[in-house]
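# Fold and geometry: a report
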Amino acid sequence: MELGIGAFGDASRDPITGTRISEAQAIRNVVEAIVVAEQAGLDWFGLGEHHVPEFPVSAAAPVLAAAAQATNRIKLSSAVTVLSTDDPVRVYEQYSTVDAISNGRVEMIPGRGSSIESYPLFGYDLQDYDRLFAEKLDLLLEVNRSPHVTWKGTTRPILTGQYVPPRAEHGQIPIWLGVGGNPNSVIRAASLGLPMATGVLGGSATRSATNAQLYRHAAEQFGNTPEQTLVMLGSPGFLMRDGKQAREAWWPHWHQFMRTVGEQRGFLPPDRASYDRDTGAGGGLLIGSPEEIAERILLMHEHWGHVRQYIHIDMGGVPHKDVLQAIELFGTEVRPLVQRELGSSSVDQLMGRVGQPLVTAAS
């Protein structure tokens, strides 16, 4: 089991103090958080793409490149790249550049994304939601496989063998498919032979684990190898040494975040009773003490069988110092407890990437 952190680069107003940091400071905070995550012994850091004032990290690759210069070991990833409204060739070029700067530590999680603000921003029609993602994912996988790309679709001009530089130095960039709760998306990951990145965003920690069962069954039917059939799981999370104190401290930030999202998408925010239930022993919000969070991850692993767990802390204006302290606890205290029970094999080992020879790009 690997453990990591997900982030959006939060610039939300603090619901307690009323203060709000600048969008530029939110981006600088992400770079500092990645450095602290590596120092705490964590394995992975994923950065999500949004185009809203609350989450100003609209371009994850340059932020990850800055973090690559300040770190040596931690894996750096998108979480997710909203591929439907981007150019897959450009996405590959950006992440292969980060791969070079980081000496092979980059990953990608393309997904359709739960936010839609990028569609009007870049001139795409939501009616093309499914077609855009299917075609662009196909192209991204082809660019990752082959330096000279031949491809034809309806969402961008054709490619007739053009070379796409720079090539990732150690072979293909690991690509996980970002999946929500749609069973068709789960089956898509299996049909493409891709590892699956999904999330538990509240409710029961284990109820939606049927998606993992569906994924593995479909992967078996498609003849996928164990190296292709891996699950990564993300959840909102926050830690303090005292679990009750952590739940009290995080509640106003979670409530504000959910109220903002609810106003954008047309639903009411959860009340305190549902928050208390979701942060309890069987809930999907990983809020509490290090011991409580480790127990929850082990419970989730029994049902999900996942190989990487990450938590997302920076939402709703959580003070940056509290984010950093939670990251440190997650790495120094939760990670050893989890790995004592599940082992410490890296995802690279499980993917069969350790010891892979260098690949020189074709000229």
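Along each chain, the written sequence defines residue order, and numbers are assigned to residues from 1. This being a predicted model, a pLDDT of at least 70 is required before a residue's local features are given, and a value of 80 or more before pairs of side-chain atoms are given or counted; all residues contribute to the totals for chains, interfaces and linings. Only hydrogens and water are set aside when side-chain values are computed; all heavy atoms of the structure are taken into account.

Turning our eyes to something else, we now look at the overall build of the chain. For the chain, the helix and strand inventory stands at twelve helices and 13 strands. Scaling as 2.2 N^0.38, a compact globule of 363 residues should have a C-alpha radius of gyration of about 21 Å, and the chain matches this with 20 Å. The principal-axis extent of the C-alpha atoms belonging to the chain is close to 60 × 45 × 40 Å. Each residue is assigned to one of three classes by its accessible area relative to the maximum for its type, calculated with a 1.4 Å probe on protein chains only: buried under 20%, partly exposed between the two thresholds, exposed over 50%. Each of the 363 residues in the chain was classed as buried or not, and the buried ones make up 53%. Contacts: residue pairs with any heavy atoms within 4.5 Å of one another. Intrachain contacts of the chain at a sequence separation of at least 6 include 74% that bridge at least 24 residues. Averaged over its 30 positive side-chain charges, the chain has a centre that lies 1 Å from the centre of its 40 negative ones. The secondary structure listing takes helices from DSSP runs of H or I that are at least 4 residues long and strands from runs of E that are at least 2 residues long, numbered from the N terminus. Atoms considered for the radius of gyration are the C-alpha atoms alone. The globule rule reads 2.2 Å times the number of residues to the power 0.38. When charges are counted, Lys and Arg contribute as positive and Asp and Glu as negative, whereas His and the chain ends are disregarded. A charged residue contributes its charge at one atom only: NZ of Lys, CZ of Arg, CG of Asp or CD of Glu.

Turning to unusual backbone geometry, a few remarks are in order. Trans is the common state for peptide bonds, and a negative phi is the common state for residues other than glycine. Note the cis peptide between Ala 79 and Val 80, where omega equals 10°. Cis geometry is adopted by the peptide bond preceding Pro 166, which originates at Pro 165 and carries an omega value of -10°. Residue placement: Pro 166 occurs in the loop between strand E8 (159–163) and strand E9 (177–178). Positioned with a positive phi, Asn 103 is a non-glycine residue whose angle comes to about 60°. Residue placement: Asn 103 occurs in the loop between helix H3 (88–101) and strand E5 (106–107).

Here the focus is the packing of helix H1 (residues 23–39) against helix H11 (residues 320–342). Where H1 contacts H11, the two axes come as close as 9 Å, and the packing angle between them is 20°. As judged from the angle between their axes, H1 and H11 are roughly parallel. Between H1 and H11 lies a crossing of right-handed hand. For the pair formed by H1 and H11, the contact residues are Asn 29, Glu 32, Ala 33, Val 36 and Ala 37 on the first element and His 320, Leu 324 and Ile 327 on the second. Residues that form the contact of H1 with H11 fall into these classes: five nonpolar, two polar and one charged. To obtain each axis, a line is fitted to C-alpha atoms, and for helices this fit is confined to the stretch in contact; angles are then taken between N-to-C directions over 0 to 180 degrees. Here roughly perpendicular refers to angles of 65 to 115 degrees, roughly parallel to angles under 35, roughly antiparallel to angles over 145, and oblique to all remaining angles. By definition, any crossing whose near helix is turned counterclockwise from its far helix by less than a right angle is left-handed, and any crossing with a clockwise turn is right-handed. All amino acids are sorted into three groups, where Ala, Val, Leu, Ile, Met, Phe, Trp, Tyr, Cys and Pro are nonpolar, Asp, Glu, Lys and Arg are charged, and the leftover types, Gly among them, are polar.

Before going further, it helps to examine the packing of aromatic side chains. The rule is short: rings of Phe, Tyr and Trp, with Trp giving its six-membered ring, pair when the centres are within 6.5 Å, and they are stacked under 30 degrees, edge-to-face over 60, tilted in between. One pass over the full model with this rule turns up seven aromatic pairs. Ring plane angle 20° and centroid distance 5.3 Å describe the contact between Trp 250 and Trp 254, whose orientation is recorded as stacked. Here Trp 254 and Trp 250 lie together in helix H8 (residues 243–265), a separation of four residues that amounts to about one turn. Judged on exposure class, the residue Trp 250 and its partner Trp 254 are both buried.

The predictor attaches a confidence to each residue, called pLDDT, with possible values from 0 through 100. With 97% of its residues at a pLDDT of at least 70, the chain reaches an overall mean of 94. Here residues 355–363 is modelled with pLDDT under 50, and outside its nearest four sequence neighbours on either side it reaches twelve contacts, counting other chains as well.

Core analysis: the biggest nonpolar cluster contains 93 residues, and Ile 5, Phe 45, Tyr 95, Ile 297, Ile 327, Phe 330 and Val 334 have the highest contact counts within it. With eight residues, the single largest contributor to this core is H11. Once you skip the residues sitting within four places of it in the chain, Phe 330 turns out to touch Leu 3, Gly 4, Ile 5, Leu 42, Leu 239, Ile 293, Ile 297, Gln 309, Ile 311 and Arg 335. What we call a nonpolar core is a set of buried Ala, Val, Leu, Ile, Met, Phe, Trp, Tyr and Cys residues that are connected through their side-chain atoms within 4.5 Å. Counting residues in hydrophobic clusters, the runner-up holds eleven residues, among them Trp 44, Ala 79, Leu 230 and Val 347.

Let's shift gears to the pattern of salt bridges. Every case where a carboxyl oxygen of Asp or Glu lies within 4 Å of a side-chain nitrogen of Lys or Arg is listed as a salt bridge. This structure, assessed with the given rule, holds 14 salt bridges. For Arg 145, the salt bridge goes to Glu 142, with nearest N and O atoms at 3.0 Å. With Arg 145 and Glu 142 both in helix H5 (residues 129–145) and three residues apart, this pair spans about one turn of that helix. One salt bridge connects Glu 333 with Arg 241, and the closest N-O pair in it is separated by 2.4 Å. A residue pair is termed long-range when its members are at least 10 positions apart, and Glu 333 in helix H11 and Arg 241 in the loop between strand E11 (231–239) and H8 qualify at 92 residues. What you see here is one network of salt bridges that share partners, running through Glu 2, Lys 75, Glu 107 and Arg 308.

Our focus in this paragraph is the environment of Pro 147. Of note, Pro 147 is situated in the loop between H5 and strand E7 (148–151). Sequence spacing of Pro 147 and Tyr 163 is 16 residues, and the spatial spacing of their C-alpha atoms is 5.4 Å.

Most of strand E13 (residues 308–312) is tucked away: five of the five residues are buried. Here E13 shows no split at all, with Arg 308, Tyr 310 and His 312 on one side and Gln 309 and Ile 311 on the other all buried. Sheet topology note: the strand E1 (residues 2–7)/E13 ladder contains five bridges and is parallel. Counted as the bridge partner of Leu 3 is Gln 309 from E13. Looking at chain direction, E11 and E13 are connected through five bridges and run parallel. Within the sheet, the bridge partner assigned to Met 232 lies in E13 and is Arg 308. Think of it this way: DSSP has to see at least two bridges between two strands before they count as a pair.

Along the polypeptide, Val 334 turns up in helix H11. Under the relative-accessibility criterion, Val 334 is labelled buried at 0%. In the structure, Val 334 is positioned 43 residues away from Glu 291 in sequence and 6.8 Å away in space, judged by C-alpha atoms. Aside from chain neighbours lying at most four places away, what touches Val 334 is Leu 3, Leu 239, Pro 290, Ile 293, Ala 294, Ile 297 and Leu 329.

What follows deals with the side chain of Ser 77. Its location among the elements puts Ser 77 in strand E3 (residues 75–78). With residues up to four places along the chain from it excluded, the contact list for Ser 77 reads Trp 44, Phe 45, Gly 46, Leu 47, Leu 64, Glu 107, Met 108 and Ile 109.

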